[in-house]
Amino acid sequence: MATCVCRSDWHGWKGHDSDIMDHGLPFVPGHEVSGIIVEVGNDVTKFKLGDRVAVPFILSCGQCSMCSTHNRPTICEKQEQPGFSMYGSYAEYLALPRADRNLSIIPDSVSFIEAAALGCRFTTAFRAVVQQGGVASHTTVAIFGCGGLGLSCVMIAAAYGAKQIIAIDVSDLALEKAKEVGATDVVNAKTKDARKKVTELTKGMGADVTIDAAGFKATCEDAIHCTRRGGRMVQVGLPIGDQNPIVPMGMIAGKELEIVGSHGCDASDMPKILSLVESGKLDPKKLIERLVTLEQGAKALMDMDFGSPIGMVMITQFTDAPQSKY
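A few points on the structure. Predicted model only: the values in this text are computed from it and were never measured. (Residues numbered from 1 in each chain as written. Predicted model: local features only at pLDDT ≥ 70, side-chain atom pairs only at ≥ 80, totals over all residues. Heavy atoms only, no water.)

**Quick word on the sheet that holds strand S7 (residues 185-188)**
And then number 1: Pairing is parallel across the open sheet formed by six strands, whose spatial order is S7-S6-S5-S8-S9-S10. Looking at which strands have only one partner, the edges of the open sheet turn out to be S7 and strand S10 (258-261). Adjacent strand axes in the sheet meet at a mean angle of 20°, parallel and antiparallel pairs treated alike.
And then number 2: Relative to strand S8 (residues 207-212), strand S5 (residues 140-144) is paired through four bridges, and the arrangement is parallel. For Ala-142, the partnering residue across the bridge sits in S8 and is Thr-210.
And then number 3: Sheet strands in contact with helix H9 (residues 217-225) are S5, S8, strand S9 (227-235) and S10, and its direction is about 150° off that of S9. (Pairing = 2+ DSSP bridges. Helix = DSSP H or I, 4+ residues; strand = E, 2+ residues; numbered from the N terminus. Axes fitted to C-alpha atoms, helices over the stretch in contact; angles between N-to-C directions. Contact = heavy atoms within 4.5 Å.)

So, in C-alpha cells, the structure goes:
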C-alpha cells in the first residue's frame, strides 16, 4: 500500500485547484495510490476482498456524452478525482466510487510502490506520449520540462523505442536524471537557446513531436517553435498563473502543425502501463527518491514551498507513525 507526494497535491494545498475550493474544508489530499480492497459496495462485481489494486486519478462515469458517445473518458463531464473533488489517499483508507470501471488488478510481480508511482505522472505521460503524441520507434521527440511528469514522459518514450529523445530544462540535476532514464540528448535552456539547440540536434528539421510537460509560457512557446513541419505539439503541463503563451497561429497554419491537449489517462489503459512495468520495459523505481511515513509525507508536501525534489517521495507507512505535535 502506497501513495505518492505529488506537486499537484501542493498546488491543491495552496488553493490553486478549483475542485478543492468547491469541496471546502476539511479535506484530504493524495491521488497517486495503490492498496488492498478491504470492503466492497453492493454494485461491485469485478473485485473482491484482498485484491491488490491500482487506480489512475481520473474516475470516469461511463454515462456522460464524453464517455458513452465520444469515448473520451479522460474528459468525462462527471469525473471524480481523489485528492481534488473528493477525499484523497493521505490516509489509511480510501473510498473509491465506480470501482468496476476504474480499478485495475496489480500483477503479482509489481509492487504497491511501483503501482502507486503510476497513478498520475506515468499514466498522464503515457497518454501524452503514446496516445496524443503518437510516439513510436521512428519518432524524434523533444520534452520541455524535466519534473516528475517530464521525466515520466522521457521514460515512456524510451519504453516505446523513440529514435531520439531530447530533454529540455533549466536544472542540470534534472537533466542528469533525464539522461539516466532514457534521454538521448539534453539541453539546459538557462545557458543555451533551446530553439536553436533542438533545431541543431534534429538536423534543422525540428522534432516530430514536442511535449510541454511544464506548463510555463516559455516551455509552451519553445515547444511550438521546435516542432517540425507537419509535426505535433502536445500540451500536457498545466499552466499556473496569468502569463499566457504567445501562440503563432500563422506559423501553425503555414507549417500545418497540430497542437493537442492531453489530460490524465483512461482507467482502461492502466493494465497496459502495468504490463510495461511487469515486462521490465518501464521501471518507475528509478524515480523514487525516498519512502516516508504519513506525517513525513505531509511535511514533504509543505517543503515544496521551497522547490520540488527530483524524485518521488512515497508514503508507505500509514499506521504507527509518530503523533504530530500539532
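The rest of the description comes next.
**A closer look at the packing of aromatic side chains**
And then number 1: Going through the model one piece at a time under the given rule, you end up with two aromatic pairs.
And then number 2: Taking 6.2 Å as the distance between ring centres and 85° as the angle between the ring planes, the aromatic pair formed by Phe-27 and Tyr-87 counts as edge-to-face. One end of the pair, Phe-27, is in the loop between helix H2 (18-23) and strand S2 (33-36); the other, Tyr-87, is in the loop between helix H3 (65-68) and helix H4 (99-102), and 60 residues separate them in sequence.
And then number 3: Looking at Phe-27, the relative accessible area reads 19%, which means it is buried.
And then number 4: Assessed through its relative accessible area of 41%, Tyr-87 is described here as partly exposed. (Phe/Tyr/Trp six-rings, centres within 6.5 Å; stacked < 30°, edge-to-face > 60°. Buried < 20%, exposed > 50% of the residue type's maximum accessible area, 1.4 Å probe, protein only.)

**Focus: the sheet that holds strand S4 (residues 104-105)**
And then number 1: Across the sheet, which stays open at both edges, the six strands sit in the order S4-S3-S2-S1-S12-S11 with mixed pairing between neighbours. Here the strands that pair on one side only, and so sit at the sheet edges, are S4 and strand S11 (288-293).
And then number 2: Pairing geometry for strand S3 (residues 52-55) and S4, over two bridges, is antiparallel. If you follow Val-53 over to S4, its bridge partner there is Ile-105.
And then number 3: Lying over the sheet, helix H5 (residues 112-132) contacts strand S1 (2-5), S2, S3, S11 and strand S12 (312-317), oriented at roughly 135° with respect to S12.
And then number 4: Across the sheet, helix H12 (residues 294-303) lies against S1, S11 and S12, angled at about 125° from S11, the strand it touches most.

**Notes on the side chain of Thr-202**
And then number 1: Mapped onto the secondary structure, Thr-202 falls in the loop between helix H8 (194-201) and S8.
And then number 2: Each residue touching Thr-202, except ones within four places of it in the same chain, is listed here: Thr-140, Gln-164, Ile-166 and Ala-207.

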